[in-house]
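Working through the structure, step by step
Chain by chain, the residues:
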Amino acid sequence: MPSSDVIPLLSNNEIVSNNEKPTNGNIIGGSGKNHYGAAKSAESSYYEFTPVLLSWENVVVRGAAKRKSGEKSSWLRRNGKKDVEYGELVESKEILRSVTGIAEPGTLTAIMGASGAGKTTLLNTLNLRSREGLEVSGSILVNGRPIGHQMARLSAYVQQDDLFLSNLTVTEHLTFQAWVRMDKEIPMKSRLRRVSDVIRALGLSKCADTVIGNPDRGIKGISGGERKRLSFASEVLTNPALMFCDEPTSGLDSYMAQNVVSTLRDLASEGRTILSTIHQPSSEVFAMFDRILLIAEGRTAFIGTTKEAQSFFADLGYTCPKNYNPADFFIQTLAIVPGEEAECKQKVEAVTDAYDASAKARKIREKIPPTMCDTLLALDDEEEKSPYKASWWEQFKACTWRAFLNNRREPLMTTVRFTQTLLIALILGLVFLHQHVNQEGIQNINGFLFILITNSAFSNTFAAVQIFPLEMALIKREHFNGMYRVDTVFLSKVIVELPFQYIFLPTIFMTIPYWLIGLYPYFANYVVACVITILLTNAAVSFGYLLSALSGTVPIALAITPPLLLPFMLFGGLFINLSDIPLYLRWVSRLSWFSYSFEALLINQWGEIDNIGCPPNGTVSCIRTGDMVLESYSFKASDYATDFIGLVCLIVGYRLLSFFVLLFRCRRKK
């Protein structure tokens with residue numbers, strides 16, 4: 001079982017043992033000196049990078065075309081049916097229109113514009129992420145070459161939404177990031193030292209050993225500003241040559257926003273290429289950017305330094321007043337004011353046309369390198385084809401370690417589940433206390449066994465269906481960032497939850513009522529009953545995994561679970577005799593762990609009983625042997641092994657299906 005000792009985490013005291021603060025906020029990078037001004041050590045060679053020139057030309061982004069009402073089929077089109085009968089085709093809206101520009105090494109570029117101008121769309125298009133539902137055309141080059149999904153290895157992306165596992169501490173989260181995102185040649189001690197440096201540089205030392213938390217779930221943790229800095233620290237760990245930041249100052253106060261942008265500027269000064277969208281920065285923050293890229297109505301309004309931008313707008317008759325924030329001035333000038341749409345759009349078109357015809361735009365186009373056909377340094381190395389930096393085994397170990405820490409601190413997965421299992425087991429044991437092997441005992445014991453199966457099925461399925469909807473956004477983001485494969489995170493969840501949730505708790509759930517009720521009093525039968533309970537629990541969990549992988553949200557998962565479980569329960573063998581089930585529906589019982597486990601438990605209980613007491617002068621036919629009990633349900637003792645095989649097949653089958661569904665949902669779209 002993995003534990004927190006797998007990696008020797010740095011405690012908060014170790015992180016702040018050196019009380020000297022960074023003089024300039026730099027993280028260890030490729031500039032030749034560390035953030036204390038000392039010469040780089042030998043290990044810093046791991047963090048060197050090749051400077052990146054990012055260029056894009058004639059980039060057009062539009063949404064997918066749709067019909068107003070009803071999609072017309074290809075058959076109808078071939079047969080000449082009129083579009084008006086089935087909904088006119090609505091031409092897709094252009095979000096970005098022939099955008100061209102460059103971002104050079106050593107520069108920090110701010111992408112600015114009014115709301116809806118296309119800032120985030122441009123950022124996502126340039127980093128080749130989040131393109132679902134969009135049609136993209138144009139050229140995007142890194143050092144003159146398109147690199148496709150290798151962008152995830154080369155670049156870092158600080159997104160606006162912060163996604164974390166709430167029960168991990170800051171240090172544990174960054175340690176996991178360092179484990180799966182840093183080059184495999186870097187020793188673990190160097191990675192941990194890197195984590196310590198990043199925590200100190202980003203001002204996270206005070207909360208290094210504090211759980212991240214989740215306000216939506218009522219889990220207290222670090223503050224909103226600290227969450228934003230942690231999101232930034234996660235990307236800085238790998239010392240990337242190219243960085244994309246989507247609103248990195250969102251949710252931060254003015255001082256911390258200035259601190260974050262100052263860190264970005266220091267990183268850019270070490271030779272990195274950094275692009276960041278930013279919304280209404282203060283004048284101090286605005287002055288820190290080397291370049292600004294103004295977007296208006298999906299077109300480029302200007303690319304250049306802040307002084308060049310003011311001169312360009314002044315030449316067009318839009319002069320920024322003295323002592324006025326230039327960022328606010330540019331945004332207001334290019335904004336579409338409600339009620340004045342026509343005039344504002346005309347003004348924006350004039351500005352963007354003026355820029356396209358300017359000498360500045362021509363110089364930008366001249367700097368765009370021609371597409372290279374030859375190999376380009378490490379970008380063409382065969383070993384770099386995989387987007388993952390860690391091996392499969394390292395990914396699996398890291399995911400298992402993180403899942404173990406998160407589950408260990410999850411109250412729902414520990415205290416609540418254990419208490420629930422204990423209480424229900426005691427209640428069942430007391431309700432069915434001391435049953436005798438007689439005619440009344442047959443009904444009572446069989447009823448208890450089916451209740452046990454039903455409770456295990458519903459409780460474990462409902463717990464499992466919530467897993468992936470809660471973490472799907474995080475899994476997809478980390479998978480697309482090249483951190484781990486889908487199979488590693490899936491297997492880690494299965495293995496971490498197996499010992500306690502799906503072996504220990506089912507054993508407790510069977511043990512307590514087994515001896516209180518007085519089931520077949522042989523230890524071997526008791527062990528078999530525990531094994532059957534473990535198998536049926538895991539079958540229910542596997543089915544829950546499948547529903548969880550299929551569901552987009554927790555409410556949807558909880559809504560579809562009861563109607564899908566009901567047929568399995570009805571065909572379990574208690575409510576309707578298996579021989580009475582219509583042939584066209586009998587296949588449902590073969591997919592139900594209710595029928596396999598109920599038959600196996602009844603065979604284990606009654607298969608070796610040859611004498612069942614009958615009441616004297618009874619008017620109802622008497623069941624005298626265990627075989628007669630089985631026959632009354634159309635069960636056969638010869639199917640004992642088949643029931644175990646069926647349960648194992650359901651466990652494997654449902655989990656494989658859930659994995660393939662998860663893999664499909666996490667597939668990379670072109």
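Residues numbered from 1 in each chain as written. Predicted model: local features only at pLDDT ≥ 70, side-chain atom pairs only at ≥ 80, totals over all residues. Heavy atoms only, no water.

**Overview of the packing of helix H18 (residues 486–517) against helix H24 (residues 640–665)**
Close contact between H18 and H24 brings their axes to 10 Å; oriented N to C, the two are set at 140°. Regarding the angle of H18 to H24, the classification is oblique. For the pair H18 and H24, the sense of crossing is right-handed. Between H18, through Val486, Asp487, Phe490 and Val494, and H24, the contact on the second element is made entirely by Arg655, Ser658, Phe659, Leu662 and Leu663. (Axes fitted to C-alpha atoms, helices over the stretch in contact; angles between N-to-C directions. Helix = DSSP H or I, 4+ residues; strand = E, 2+ residues; numbered from the N terminus. Parallel < 35°, antiparallel > 145°, perpendicular 65-115°, else oblique. Left-handed = near helix turned anticlockwise from the far one by under 90°. Contact = heavy atoms within 4.5 Å.)

**What about the confidence of the model for the protein?**
Interpretation of the predicted coordinates at a detailed level should be avoided for regions scoring low in pLDDT. The predicted model of the protein has a mean per-residue pLDDT of 82, with 84% of residues at 70 or higher. Counting contacts from residues 1–28, a segment whose pLDDT is below 50, to residues more than four positions away or on other chains yields 76 contacts. Overall, residues 30–42 carries pLDDT values under 50, and its contacts beyond four positions in sequence, including any with other chains, amount to 26 contacts. (pLDDT = per-residue confidence, 0-100.)

**Side note on the sheet that holds strand E11 (residues 299–304)**
Strand pairing in a sheet relies on backbone hydrogen bonds. The paired strands run either parallel or antiparallel. If you walk across this open sheet you meet the six strands as E7-E8-E9-E5-E10-E11, and the pairing is mixed. The open sheet has two edge strands with one neighbour each: strand E7 (155–158) and E11. Strand after strand, the sheet turns through a mean of 15° between neighbouring axes, direction not considered. The sheet contact formed by strand E5 (residues 107–112) and strand E9 (residues 273–277) spans five bridges and is parallel. Bridged to leucine 108 within E9 is isoleucine 274. In this fold helix H7 (residues 224–236) packs onto E7 and strand E8 (242–246), with an angle of close to 175° to the strand it touches most, E7. (Pairing = 2+ DSSP bridges.)

**So, the pairing of strand E1 (residues 54–63)**
The buried fraction of E1 is high, at seven of ten residues. Sheet analysis places E1 next to strand E4 (residues 94–103), joined by six bridges and oriented antiparallel. Note that in E4 the partner of tryptophan 56 across the bridge is glycine 101. In this structure, E1 lies alongside strand E6 (residues 134–142), joined through eight bridges in antiparallel fashion. Within E6, the residue paired with tryptophan 56 across the bridge is isoleucine 140. (Buried < 20%, exposed > 50% of the residue type's maximum accessible area, 1.4 Å probe, protein only.)

**Section: the environment of arginine 667**
Among the structural elements, arginine 667 can be located in the segment after H24. Look at arginine 667 and you get partly exposed, because its relative accessible area is 35%. In this structure the C-alpha to C-alpha distance between arginine 667 and histidine 479, which are 188 residues apart in sequence, comes to 9.3 Å. A polar side-chain atom of arginine 667 sits 2.9 Å from the main-chain carbonyl oxygen of phenylalanine 664. (Polar contact = N/O pair within 3.5 Å; in protein donor to acceptor, adjacent residues only side chain to side chain.)

**Let's talk about unusual backbone geometry**
Even without a glycine there, the phi angle at asparagine 58 is positive, about 50°. Despite not being glycine, asparagine 323 shows a phi value in the positive range, around 60°. For asparagine 323, the position within the fold is in the loop between helix H10 (306–315) and helix H11 (326–334).

**With respect to the sheet that holds E4**
As summarised here, the arrangement of the three strands in space is E4-E1-E6, forming an open sheet in which the pairing is antiparallel. Either end of the sheet is taken by a strand with one partner, and the two such strands are E4 and E6. Averaged over all neighbouring strand pairs, the angle between strand axes comes to 5°, with direction disregarded. Against the sheet, helix H13 (residues 359–367) makes contact with E1 and E4, and its axis sits at roughly 70° relative to E4, the strand it touches most.

**A closer look at the packing of helix H16 (residues 439–464) against helix H20 (residues 554–570)**
Put simply, H16 and H20 touch, their axes get as near as 11 Å, and they point 155° apart. Between H16 and H20, the crossing angle belongs to the class labelled roughly antiparallel. Between H16 and H20 lies a crossing whose hand is right-handed. In this structure, H16 contributes Phe450, Thr454, Ala457, Phe458, Thr461 and Phe462 to the contact, and H20 contributes Leu558, Thr561, Pro562, Leu565 and Met569.

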